[in-house]
Amino acid sequence: MSGKRMRKMLPRLAMLLFLFVISGCGHVKTAKELYREAVRTYGECEIVSQTESDELTKLVLRDELQGFEYTISSGMQDIVIDGSSFGSVQNTGSTFQTALADYVFSQCLNDLEEICESAGAVCDTDDISFFIVMADNAGDAEKAALACAEVIQAYNLNGRMDNWAIECYERGTESPYYSERFGSVVLPDIEWISREQEIINYYTEMARMQTDEKAEYLRKEEKIFADTGADLDRVVYVLGSDIPTENTSPVTFYYFRASDGTEYYLCDFNYYAENHYDYAWYTNYHDVVPGSGDE
């Protein structure tokens, strides 16, 4: 086997070894373990009912702070890779967030609908997004979202809904009845975040995860792929995404200041490492920031 092929296989081999280890020591959590986890994660609660077996432990709990019920469970989940079975691993699941959202809407959805109607907007909830506001223009959407956030924030006890977002879109005429995204309001802050700012926030978070956790956003510039000096053959193709396909393809450069004051950029496309296996957002961070290491 060639060294190049072996390097490509190493990440998968490491993952398989990890799965073997965790599947060998995994077990269904006991009712006591699940209860302690629920209290630690969500707060004090009361056990309404419980079932416990070798395959599954399930608790129905009543939240002490706000009074709604939710479930938390533990079972064994099979590990299947490329059609082959590699044992099983313990999996814990909870309906807490869904139950909390349902509780909040049971208390104030009528008020939220009235707020949206008065602002020339409509609202909706689904299994993917917490709360959606749809309007004909960004101004109406912003007005409705900020007012709704004021109401919803009153139910955000102990910060348990922090980072939940009210998402705003242009109202459409066909399912899913919305199209262009206008922006959002994220709890607990009652502040409007435009779509442009959402994108900047996203790439700032990517820069902090991938390069420097204290990276400071500076600006963005629209250029072309040739300005990166990168190799088109190493661009990661993501289905449904706009990616550079030629040297004249548009690319957005997001500029940041590293902890040592050095300026660098991160671009809006993913790029394979030299092994053509690992990939990350394309950046010149490792080329310009002293001591930052190789790609």
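Treat the numbers as computed from the prediction; the structure is a model and nothing was measured.

Colleague: Before we go on, may I ask you to explain the packing of helix H3 (residues 96-118) against helix H4 (residues 138-153) in this structure?
Modeller: Two measures define how a pair of helices packs: the angle their axes make with one another and the distance between the axes. Two elements in contact, H3 and H4, have axes separated by 10 Å at closest approach and are oriented at 155 degrees. Classified by the angle between their axes, H3 and H4 sit roughly antiparallel to one another. Here H3 runs over H4; the crossing is right-handed. Residues Val104, Cys108, Leu112, Ile115 and Cys116 of H3 form the contact with H4, whose participating residues are Ala144, Ala147, Cys148, Val151 and Ile152. Its residues assigned to classes, the contact of H3 with H4 comprises ten nonpolar, no polar and no charged.

Colleague: Quick question: what am I supposed to make of the packing of aromatic side chains here?
Modeller: Tallying each qualifying case throughout the model produces 26 aromatic pairs. Between Phe130 and Phe131, the ring centres sit 6.5 Å apart and the planes meet at 55 degrees, which makes this aromatic pair tilted. Residue Phe130 shares its accessibility class with Phe131, and that shared class is buried. Taking the centre distance of 5.4 Å and the plane angle of 10 degrees together, the rings of Phe269 and Tyr282 count as stacked. Residue Phe269 is located in strand E12 (residues 263-272), and its partner Tyr282 is located in strand E13 (residues 279-283); the two are separated by 13 residues in the primary sequence. Neither residue differs from the other here; Phe269 and Tyr282 are each classed as buried. Here the aromatic residues Tyr42, Phe68, Tyr70, Phe96, Tyr103 and Tyr155 are joined through ring pairs into a cluster of three or more. Here Arg219 stacks its cationic end above the ring of Tyr255, 4.2 Å away from the centre of that ring.

What counts and what doesn't
Numbers given to residues run from 1 along each chain, matching the order in which its sequence is written. Confidence filtering applies because this is a predicted model: local features only for residues at pLDDT of at least 70, side-chain atom pairs given and counted only at 80 or more, and all residues used for totals across whole chains, interfaces and linings. Side-chain measures here rest on the full set of heavy atoms in the structure, leaving out hydrogens and waters. Interaxial angle, 0 to 180 degrees, is taken between N-to-C directions of lines fitted to C-alpha atoms, where a helix line uses only the stretch in contact. Put simply, DSSP H or I for four residues or longer makes a helix, DSSP E for two residues or longer makes a strand, and each gets a number counted from the N terminus. Here the angle decides the label: under 35 degrees means roughly parallel, over 145 means roughly antiparallel, 65 to 115 means roughly perpendicular, and every other value means oblique. For a crossing to be left-handed, the near helix must be turned anticlockwise from the far one by less than a right angle; the clockwise case is right-handed. Contacts are residue-level and defined by heavy atoms, with any inter-residue pair within 4.5 Å sufficient. Under the scheme applied, nonpolar residues are Ala, Val, Leu, Ile, Met, Phe, Trp, Tyr, Cys and Pro; charged residues are Asp, Glu, Lys and Arg; polar residues are all the others, including Gly. Only Phe, Tyr and Trp rings are paired, with Trp represented by its six-membered ring, and only when their centres lie within 6.5 Å; those with planes under 30 degrees apart are stacked, over 60 edge-to-face, the remainder tilted. The rule is simple: take the accessible area with a 1.4 Å probe, protein chains only, and divide by the maximum for that residue type; under 20% is buried, over 50% is exposed, in between is partly exposed. The rule for a charge over a ring is simple: NZ of Lys or CZ of Arg within 6 Å of the ring centre, and within 35 degrees of the ring normal.

Keep in mind these values describe shape, not function.
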